[in-house]
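Notes for the structure review
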Amino acid sequence: MITPTSPDTTRTRARNTRDALLDAALAGFSRDGFSGTSIRDLARAIGIRESSVYKHFVSKQAILDALVERIDERLGDLASHLGTVTSTGEAAAATYQDISEEALVGIARGMFDFVVDDPEFAALRRMMVIEQFRDADVSARLHDYFITQPLAFQTELFRVLLASGEFLDGLDPQTTALAFFGPIYMLIDYADGGDKQRALDLLAGHVHHFRLVHLRNP
């Protein structure tokens, strides 16, 4: 007798296949490059037909987008654990109003550790950094996720914080966002060079200096 498959079981299988495809894609993109990994390669890696891949993703670009979205969800979970949010800069502003230097360093370090040490995040970021010179779509996705979106988030965050009265008069939200975020982006590359502890020391020094220069009462 054939036992009917429940909708929950079907959804679970689909989710497991989707996650397996994403895992295979990350491994393939990291090993052979984005352009060097085909849909057929991914199907073969997890033992399904090539046509079955398209039940989950319309294109290879959609797979890359899904990898970014999956890691972004995990980053959001981490932010929640650290007591903040990554949804919008405006929503995050409540976290940072009147925050102590120690607490700010704690959040910055928690995020920094994730970006540098999480195997999936690190593999995805490094793959995109390399592949940006070979594929225009990867380049656009890299700059959107790692530069354009964070700068927009930080600008919105500082727009709210500058209106709170904690900061010196006359500061521009975007310029202030660049002053805070730019060195952190550079320090991630510094940590990639092998001296993470030095990068963390510089991160703490950067937070201290930023507060000293921009706050009324650091």
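Just so it is clear, the structure is predicted and the values come from calculations on it, not from any experiment. (Residues numbered from 1 in each chain as written. Predicted model: local features only at pLDDT ≥ 70, side-chain atom pairs only at ≥ 80, totals over all residues. Heavy atoms only, no water.)

Considerations on the pattern of salt bridges
Oppositely charged side chains may form a pair once their charged atoms are brought near each other. Here is the rule we go by: The working definition used for a salt bridge is a side-chain nitrogen of Lys or Arg within 4 Å of a carboxyl oxygen of Asp or Glu. Every helix listed is a DSSP run of H or I at least four residues long, and every strand listed is a run of E at least two residues long, numbered separately from the N terminus.
Considering all chains together, one arrives at 18 salt bridges under this definition. Between R70 and E120 there is a salt bridge, and its shortest N-O distance comes to 3.0 Å. Pair noted here: R70 is in helix α4 (residues 60-82) and E120 is in helix α7 (residues 119-131), with a separation of 50 residues, a long-range link. In this structure, D117 engages K196 in a salt bridge whose closest nitrogen and oxygen atoms are separated by 2.3 Å. Of this pair, D117 sits in helix α6 (residues 101-117) while K196 sits in helix α10 (residues 196-214), and the two are 79 residues apart along the sequence. Beyond isolated ion pairs, a larger network of salt bridges with shared partners links D19, D23, R70, R74, D118 and E120.

A look at the nonpolar core
Definition in use: Only buried residues count toward a nonpolar core. Its members are Ala, Val, Leu, Ile, Met, Phe, Trp, Tyr and Cys residues joined through side-chain atoms within 4.5 Å. Whether a residue is buried, partly exposed or exposed follows from its accessible area with a 1.4 Å probe, protein chains only, as a fraction of its type maximum: under 20%, in between, or over 50%, in that order. Contact between two residues is taken to exist if any of their heavy atoms lie within 4.5 Å; hydrogens are not considered.
Core analysis: the biggest nonpolar cluster contains 60 residues, and I63, Y96, F112, L124 and M128 have the highest contact counts within it. Residues within four places of I63 in sequence aside, it is in contact with L22, A25, F29, I39, L42, V53 and F57.

Some words on the packing of aromatic side chains
Here is the rule: Note on aromatic contacts: the rings of Phe and Tyr and the six-membered ring of Trp form a pair at centre separations within 6.5 Å, being stacked when their planes are under 30 degrees apart, edge-to-face when over 60 apart, and tilted otherwise.
Evaluation of the coordinates by the stated rule reveals nine aromatic pairs. An angle of 85° between the planes, with centres 6.0 Å apart, marks the rings of F158 and F167 as edge-to-face. Take F158 and F167: they sit in the same class, and that class is buried. Here the aromatic rings of F158 and F210 are separated by 5.6 Å at their centres, their planes lie at 55°, and the arrangement is tilted. Remark: F210 occurs in helix α10 and F158 occurs in helix α8 (residues 136-162); sequence separation between them is 52 residues. For F158, a relative accessible area of 4% corresponds to the buried category.

Bear in mind that shape data such as this cannot, by itself, settle questions of function.
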